[in-house]
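Listed here are the chains, written in short residue letters.
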Amino acid sequence: MRDQWLWCRIEGTEYLFVSRFEARELSATSNRESRAERLGRESMNSAPGTSAARLLAEQDRLVSRRDNPLLRLARDGRVGRRNLRRLVQADQLCLEAETVSYAILLARFPSGPAAELFSGLNAALRPLKRSLDQCARALDTSPTSTLDPSRDAAAFAFPRAVSWMCLHAGPAAAALALRADLAAYARESGEILRTLSAAGTEVPAALREHYSLPAPTDLLDLAAAVVKERVVREDGTPSRAASIADVLLTGLDGFWLFAAGDQCVAPADAADTHGLRR
């Protein structure tokens, strides 16, 4: 798997992000591209408000059906302390990347609802550093990630995706992508914890507290408002926004893949849904 590559295409251009994804996962990326193109065609025949509502509903559907490699391991009773350490290490990288990325988005869009969203996201990250430090201590690992991109490429999938997104996405696309990521991460983290609990797997209290945090509804609602406002104001937004949301969710797939490690379980069905039987 180390020599395979994950890429996403946005408006005809291919972007290479990270290695170690299976070929079946790449085929799911192709399905995501066709969805983005379909949304673009549909938006040409719809009022902007209808396009925004359809875009949000489609993302909600995809998020609700997602699966991930670590969750599949949990269902099989194969998640151990090593996987939890890898999870925390990858999250430390993500937190660093997100902190800078949200600040850049705020600098690019310093007024209106978008600015309120990006400043709110940045503020929401502050207590997470302390929480992740407690998780690291509970697992006897360093509070600072020591991962190497030349060896641990999948751990950098989400940081690379969010770093690219903050520089190239418009307000609607960034809001849609971040809304999808917040919702997917919270739902999948919670499901992993519930699965581990049902199996009797020991999980330190610090991790149970950190990974059971719900997605902040105020920020989800604000992100939806930004999508609706900007789609109304901008032509051609829906298809590009959907593609960029796919980039970020694909990065999230890499995050879970790294946590699963060499025990990664292949998805049973890579057809139609976003990333692996979603």
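The structure we're discussing is the one just above.
Residues numbered from 1 in each chain as written. Predicted model: local features only at pLDDT ≥ 70, side-chain atom pairs only at ≥ 80, totals over all residues. Heavy atoms only, no water.

Asks: Explain the overall build of the protein chain to me, using residue names and the numbers behind them.
Replies: Looking only at helices and strands, one finds 10 helices and 2 strands in the protein chain. In the protein chain, the succession of α and β elements from N to C terminus is β-β-α-α-α-α-α-α-α-α-α-α. Every one of the 278 residues in the protein chain was classed for burial, and the buried ones make up 56%. When the accessible surface of the protein chain is split by element, carbon and sulfur atoms take 52% of a total near 11600 Å². (Helix = DSSP H or I, 4+ residues; strand = E, 2+ residues; numbered from the N terminus. Buried < 20%, exposed > 50% of the residue type's maximum accessible area, 1.4 Å probe, protein only. Areas by Shrake-Rupley, 256 points an atom, 1.4 Å probe, with all protein chains shown as cover.)

Asks: Outline the packing of helix α5 (residues 112-138) against helix α7 (residues 171-199), supporting the account with residue identities and numerical values.
Replies: Viewed as axis vectors pointing N to C, α5 and α7 meet at an angle of 35 degrees, and their least axial separation amounts to 11 Å. Two packed elements cross with a definite hand, and for α5 against α7 that hand is left-handed. Mapping the contact onto sequence places A114, L117, F118 and L121 in α5 and P171, A174, A175, L178 and L182 in α7. Across the contact of α5 with α7, the residue classes break down as 9 nonpolar, no polar and no charged. (Axes fitted to C-alpha atoms, helices over the stretch in contact; angles between N-to-C directions. Left-handed = near helix turned anticlockwise from the far one by under 90°. Contact = heavy atoms within 4.5 Å. Nonpolar A, V, L, I, M, F, W, Y, C, P; charged D, E, K, R; others polar.)

Asks: Any details on the pattern of salt bridges? Residues and values, ideally.
Replies: A full pass over the atoms with the stated rule returns 11 salt bridges. In this structure, the salt-bridge partner of E188 is R66, at a minimum N-O distance of 2.5 Å. Taken together, the residues span a long stretch of sequence, with E188 in helix α7 and R66 in the loop between α2 (48-64) and α3 (69-75) at a distance of 122 residues. No difference in accessibility class separates E188 from R66, as the two residues are buried. D148 is the salt-bridge partner of R151, the closest N and O atoms lying 3.2 Å from each other. Given the relative accessible area of 49%, R151 is considered partly exposed. Through salt bridges that share partners, D67, R72, R75, R187 and E191 make up one connected network. (Salt bridge = Lys/Arg side-chain N within 4 Å of Asp/Glu carboxyl O.)

Asks: Report on the nonpolar core, specifying residues and quantitative values.
Replies: Counting residues in hydrophobic clusters, the biggest one holds 81 residues, and the most contacted among them are L105, L117, F118 and M165. When residues no more than four places from it in sequence are discounted, the contact partners of F118 are Y102, L105, L106, F109, A174 and L178. (Core = buried A, V, L, I, M, F, W, Y, C linked by side-chain atoms within 4.5 Å.)

Asks: Can you tell me about the packing of aromatic side chains, naming the residues and giving the values?
Replies: Scanning the model with the defined rule gives 5 aromatic pairs in all. Measuring from ring centre to ring centre gives 6.0 Å for Y185 and F255, while their planes differ by 55 degrees; the resulting arrangement is tilted. You can see Y185 sitting in helix α7 and its partner F255 sitting in helix α10 (residues 237-260), a full 70 residues away along the chain. Classification of F255 by relative accessible area gives buried; the value is 1%. Taken together, Y185, Y211, F255 and W256 form an aromatic cluster joined through their ring pairs. (Phe/Tyr/Trp six-rings, centres within 6.5 Å; stacked < 30°, edge-to-face > 60°.)

Asks: Got a sec to walk through the packing of helix α4 (residues 81-108) against helix α6 (residues 157-168)? Specific residues and values, please.
Replies: Where α4 contacts α6, the axes come no closer than 9 Å and their chain directions differ by 5 degrees. By the angle between their axes, α4 is roughly parallel relative to α6. Here L93, C94, A97, E98, S101, I104, L105 and R108 of α4 lie close against α6, whose contacting residues are F158, P159, V162, S163, M165, C166, L167 and H168. Residues that form the contact of α4 with α6 fall into these classes: 11 nonpolar, 3 polar and 2 charged. (Parallel < 35°, antiparallel > 145°, perpendicular 65-115°, else oblique.)

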